[in-house]
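Breakdown of the fold
Below are the chains, spelled out letter by letter.
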Amino acid sequence: MLILIAEDDELILKTIEHKLLKEGFEVILTRNGKDAISMIEEKKPDLVVTDIMMPFASGIEILSALQEKEVSPYVIVLSSMGQEGVVLEAFNLGASDFMVKPFSPNELVLRIKRLLRIK
Amino acid sequence: MICAITVQGLTYLFLGLLTIVLVLIILVLLYGYRNYQLIHNRQSWENLIEDKISLAILEGIEAIRDDKEIIKLLGIEDFQRLFLSILIASDQKFSGDAHRILVQIFYEYKMDALAWKKVKSQDIFKNVRAIQAFTAMDVEEAIPEILSFLTHKDARIRSEAQYSMVRFKDFRGLEFLNSFDGIISNWQKIRLLKAISEVPNQHYDQISTWLKHSNSSVVAFTLQLVKKFRLSFFYDDIILLLNHTDLNIRVYAVQTLQSIENESTLSEMIRYYPTQCSLVQLTIISGIRKSKNYDSISFLENELINARDVTIRVSVAETLMSMGQVSYLKNILEVPTTSEPIRQVVRHALAVKL
């Protein structure tokens, strides 16, 4: 199973990467929204974990782009912005789940496994 | 002879200036090289610290216990500062087991001792850092020390101490509002509100008191607290704030009432509307647009024709449009006696995609 992580915070990126690799997932890393959109089109991951605030394109713009391109991996949005408006917008654009920072990496893995139906 | 002395003098002067310039160039190069080293060091230290934290979160504190690399670098003050900064920043990134690991790292590498040293310093930035460290790492022993900072003369220290108290004590940490005579910045409001997880109803008397506080900043914050937790219990207290002397309070009061609205909210908004200034009126109209309360239609139609402020007319027209009153708006254009300013507003509303 291939998971793409779009996150510009190095510590969060490394931690999620190491956690997912340990769980046996293949992982692609991107640090900005524009690269994330290209990589999703190219590599067709099963699931995307994306931050909202990123350089060049936000997590919301990634979701919009996925809708336009009719590419549909599961998407978990990970953000420090937990306002109702942001959450609703993400779900309206097709997000499968939303987690607010500070977040638990263990919980993130559980949610990924739930979405990918892995026990 | 005089010529020779002059030429010699000029030569010495030139050589002297050249020497000064060369010394300055060397100093600038040395300064630049030191800065480059600091930046380079900082980047490699950041990578190292993040790798170690990430490894500890994955494998447990044992994976980095007594790490020789870190122990050696902790002898360097710059590295110590950076390590503490990254730990503090990580508090906003991770929760649960990962956060517990961060706290273990904090004690393992004696960052607590560094924080205690900083809190006793006379340097304001060091005090702020210490409060942030104690807050992020849940050092409850530091609470008495942080409490004493609530009345510090420096606003930055007071602000950190306030946030810290709310982090430690949740709603009860807001006690400082009772006697607070300063300003709560928008940023501070946001982070205080984010840090409060619940409002226990045995503290409702306090909220009532804060809504009547002489400090508008406290009233404004309390309104946002009521709005966040939708505390309809305070509905009547907030209605009274529609007469507050501070315009911002009246705006916040309207927004808060709209978040805890009941069947009488619309009629009360309409009742207070005529005595309010444009900004408050616009806020009321904006709230009607969000709630799409069709009992407001006749009020809006009246305002479209009679409002003197063009921004209010525009807002009303857009609200009518968003509530599906297209036929009404088109009919207005067909009435020969409709004034040109109103026609323009209606055409704008019909053209805008809402």
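Nothing here was measured: the structure is a model prediction, and the numbers come from that model.

**What to know about the overall build of chain B**
Each helix and strand counted, chain B has 19 helices and 0 strands in total. In summary, chain B has a C-alpha radius of gyration of 31 Å against a globular reference of 20 Å for 354 residues, an excess of more than 25%. The dimensions of chain B, computed from C-alpha atoms along their principal axes, are 100 × 75 × 40 Å. Surface exposure of chain B reaches about 19400 Å², of which carbon and sulfur atoms provide 57%.

**A word on the interface of chain B and chain A**
Across the contact, 18 residues belong to chain B and 17 residues belong to chain A. Buried surface at the junction of chain B and chain A, both sides included, amounts to about 1500 Å², of which 55% is carbon and sulfur. For chain B, the biggest contributors to the area lost against chain A are Leu58(B), Lys93(B) and Phe94(B); these three give 37% of the whole. Counting across the interface, chain B meets chain A through 4 salt bridges. A salt bridge links Lys93(B) to Asp9(A), with the nearest nitrogen and oxygen atoms 2.7 Å apart. Summed over the shared surface of chain B and chain A, the result is 8 residue pairs in polar contact (both at pLDDT 80 or more). The set of elements that each furnish at least two residues to the side of chain B that touches chain A consists of helix 1 (2-59) and helix 4 (96-108) of chain B. Top element by residues in the side of chain B that touches chain A is helix 1 of chain B. It accounts for 8 residues.

**Re helix 1 (residues 10-22) of chain A**
Residue and element names in this part refer to chain A. Taking 1.5 Å per residue as the helical rise, helix 1 with its 13 residues ought to reach 18 Å, and the 18 Å between its terminal C-alpha atoms agrees with that figure. Among all positions in helix 1, only Leu 11, Ile 12, Leu 13, Lys 14, Thr 15, Ile 16, Glu 17, Lys 19 and Leu 20 are buried. The opening residue of helix 1, the one whose side-chain oxygen lies 3.1 Å from the backbone nitrogen of Leu 11, is Asp 9. Looking one or two places after helix 1, you find Gly 24, whose phi comes out positive at around 95 degrees.

**Some thoughts on the pattern of salt bridges**
For the structure shown, the criterion picks out 28 salt bridges over all chains. Glu50(B) is paired through a salt bridge with Lys14(A); the nearest N and O atoms lie 3.7 Å apart. One end of the pair, Glu50(B), is in helix 1; the other, Lys14(A), is in helix 1, on a second chain. The same class applies to Glu50(B) and to Lys14(A), which are both buried. Among the salt bridges present, the one from Arg65(B) reaches Glu62(B), with a minimum N-O distance of 3.9 Å. A network of salt bridges, in which partner residues are shared, links Asp97(A), Glu107(A), Arg111(A) and Arg114(A).

**A look at the pairing of strand 5 (residues 97-100) of chain A**
All names here are of chain A. Where strand 4 (residues 74-79) meets strand 5, 4 bridges bridge the pair, whose relative direction is parallel. Directly across from Ser 79, in strand 5, lies its bridge partner Val 100. Traced from strand 4 through helix 4 (residues 84-92) to strand 5, the parallel crossover comes out right-handed.

**Considerations on the packing of helix 8 (residues 155-169) of chain B against helix 9 (residues 186-195) of chain B**
Residues and elements named next belong to chain B. The geometry of helix 8 relative to helix 9 is characterised by a closest axis approach of 9 Å and an angle of 15 degrees between their N-to-C directions. Judged by the angle between their axes, helix 8 and helix 9 are roughly parallel. The handedness of the crossing between helix 8 and helix 9 is right-handed. Contact residues: helix 8 offers Ser 159, Glu 160, Gln 162, Tyr 163, Val 166 and Arg 167, while helix 9 offers Gln 188, Arg 191, Leu 192 and Ala 195. Here the contact of helix 8 with helix 9 is built from residues that sort into 4 nonpolar, 3 polar and 3 charged.

**Re the nonpolar core**
Formed by 128 residues in total, the largest nonpolar core has its most connected members in Ile112(A), Ile105(B), Leu174(B) and Ile207(B). In this structure, Val75(A), Val77(A), Ala90(A) and Leu93(A) belong to the second largest nonpolar core, which totals 24 residues.

**Structural notes on the packing of helix 3 (residues 77-90) of chain B against helix 6 (residues 124-136) of chain B**
Residue and element names in this part refer to chain B. Between helix 3 and helix 6, the shortest axis-to-axis distance is 9 Å and the interhelical angle comes to 50 degrees. As judged from the angle between their axes, helix 3 and helix 6 are oblique. Considering the relative orientation of helix 3 and helix 6, their crossing is left-handed. Between helix 3, through Leu 84, Ser 85 and Ile 88, and helix 6, the contact on the second element is made entirely by Arg 129, Gln 132, Ala 133 and Ala 136. In terms of residue class, the contact of helix 3 with helix 6 is made up of 4 nonpolar, 2 polar and 1 charged.

**Notes on helix 4 of chain B**
Residue and element names in this part refer to chain B. In this model helix 4 runs 19 Å from its N-terminal to its C-terminal C-alpha over 13 residues, within 8% of the 18 Å that 1.5 Å per residue would give. Among the residues making up helix 4, those that are buried are Ala 98, His 99, Ile 101, Leu 102, Val 103, Ile 105, Phe 106 and Glu 108. Backbone geometry just after helix 4 places Lys 110 at a positive phi near 55 degrees.

**Some points on the packing of aromatic side chains**
All names here are of chain B. This model, assessed by the stated rule, comprises 13 aromatic pairs over all chains. With 4.7 Å between their ring centres and 50 degrees between their planes, Trp 116 and Phe 134 make a pair best called tilted. Taken as a pair, Trp 116 in helix 5 (residues 111-119) and Phe 134 in helix 6 lie far apart in primary sequence, 18 residues in all. In this structure Phe 134 comes out as buried when scored by relative accessible area, which is 0%. Taking the centre distance of 5.8 Å and the plane angle of 90 degrees together, the rings of Phe 176 and Phe 180 count as edge-to-face. Exposure class is identical for Phe 176 and Phe 180. Each is buried. Aromatic ring contacts, followed pair by pair, group Trp 45, Phe 79, Phe 83 and Tyr 109 into a single cluster.

Conventions and cut-offs
Residues numbered from 1 in each chain as written. Chains lettered and ligands numbered in written order. Predicted model: local features only at pLDDT ≥ 70, side-chain atom pairs only at ≥ 80, totals over all residues. Heavy atoms only, no water. Helix = DSSP H or I, 4+ residues; strand = E, 2+ residues; numbered from the N terminus. Rg over C-alpha atoms; globule rule 2.2 N^0.38 Å. Areas by Shrake-Rupley, 256 points an atom, 1.4 Å probe, with all protein chains shown as cover. Contact = heavy atoms within 4.5 Å. Buried area = accessible area lost by both parts, 1.4 Å probe. Salt bridge = Lys/Arg side-chain N within 4 Å of Asp/Glu carboxyl O. Polar contact = N/O pair within 3.5 Å; in protein donor to acceptor, adjacent residues only side chain to side chain. Expected span 1.5 Å × (residues − 1). Buried < 20%, exposed > 50% of the residue type's maximum accessible area, 1.4 Å probe, protein only. Pairing = 2+ DSSP bridges. Right-handed = clockwise from strand over helix to strand, strands pointing away. Axes fitted to C-alpha atoms, helices over the stretch in contact; angles between N-to-C directions. Parallel < 35°, antiparallel > 145°, perpendicular 65-115°, else oblique. Left-handed = near helix turned anticlockwise from the far one by under 90°. Nonpolar A, V, L, I, M, F, W, Y, C, P; charged D, E, K, R; others polar. Core = buried A, V, L, I, M, F, W, Y, C linked by side-chain atoms within 4.5 Å. Phe/Tyr/Trp six-rings, centres within 6.5 Å; stacked < 30°, edge-to-face > 60°.

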